Amino acid sequence: VPPAEQTSRQFYRQLHHSACRDIHSLEANWRSGQYTLTRVKDDSRVSCLQFDDNMIVTGGYVDSAIKVWDRSTLQQLKVLEGHTKGVWCLQYNKEVIISGSADHTVKVWDIQTGQVINDLLH
């Protein structure tokens, strides 16, 4: 096995083990009631989400909006509007949010400004 491929395998093996530990911990906390339920003031229905240590990004299937939330305070930071039907998937990194919608579009958003950078018809 070439060194680069071996390094890649090690990375994904470690990632898998880490993900399994996180899932086990979440499930144990949920089953034992060791969690805090906090409601946010928002009536939309969430169809997809992604989060990291700093923020939560949600996609709505009723309001067709993408919402960016501060993870520690649960305050809404941004609302990205542009899809005409529900948002069914999204992914983000430090620079962009990419979303797919039932309106047959894939949009690339600037994460800082909330503006659409690219609009792809699928």
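This text goes with the structure placed above it.
Residues numbered from 1 in each chain as written. Predicted model: local features only at pLDDT ≥ 70, side-chain atom pairs only at ≥ 80, totals over all residues. Heavy atoms only, no water.

Caption draft 1: Inspection of a nonpolar patch on the surface at higher detail. Among the surface-exposed residues, F11, Y12 and L15 lie close enough to one another that they form a single nonpolar patch of about 330 Å² accessible area. Position of Y12 relative to the elements: it lies in helix α1 (residues 3-32). (Patch = residues over 30% accessible without salt bridge, like charges linked within 9 Å, V, L, I, M, F, W, Y side chains within 5 Å. Areas by Shrake-Rupley, 256 points an atom, 1.4 Å probe, with all protein chains shown as cover. Salt bridge = Lys/Arg side-chain N within 4 Å of Asp/Glu carboxyl O. Helix = DSSP H or I, 4+ residues; strand = E, 2+ residues; numbered from the N terminus.)

Caption draft 2: Representation of the packing of aromatic side chains. Per the stated rule, a full pass over the model turns up 2 aromatic pairs. With 4.9 Å between their ring centres and 80 degrees between their planes, F11 and Y12 make a pair best called edge-to-face. Residue F11 is classed as partly exposed on the basis of its relative accessible area, which comes to 47%. Owing to a relative accessible area of 52%, Y12 belongs among the exposed residues under this scheme. (Phe/Tyr/Trp six-rings, centres within 6.5 Å; stacked < 30°, edge-to-face > 60°. Buried < 20%, exposed > 50% of the residue type's maximum accessible area, 1.4 Å probe, protein only.)

Caption draft 3: Expanded view of the state of the cysteines. Across all of its chains, the model carries 0 disulfides by this definition. Left unpaired, C48 is separated from the closest cysteine sulfur, that of C89, by 6.4 Å. Owing to a relative accessible area of 12%, C48 belongs among the buried residues under this scheme. Judged by relative accessible area, C89 falls into the partly exposed class, the value being 44%. (Disulfide = S-S within 2.5 Å.)

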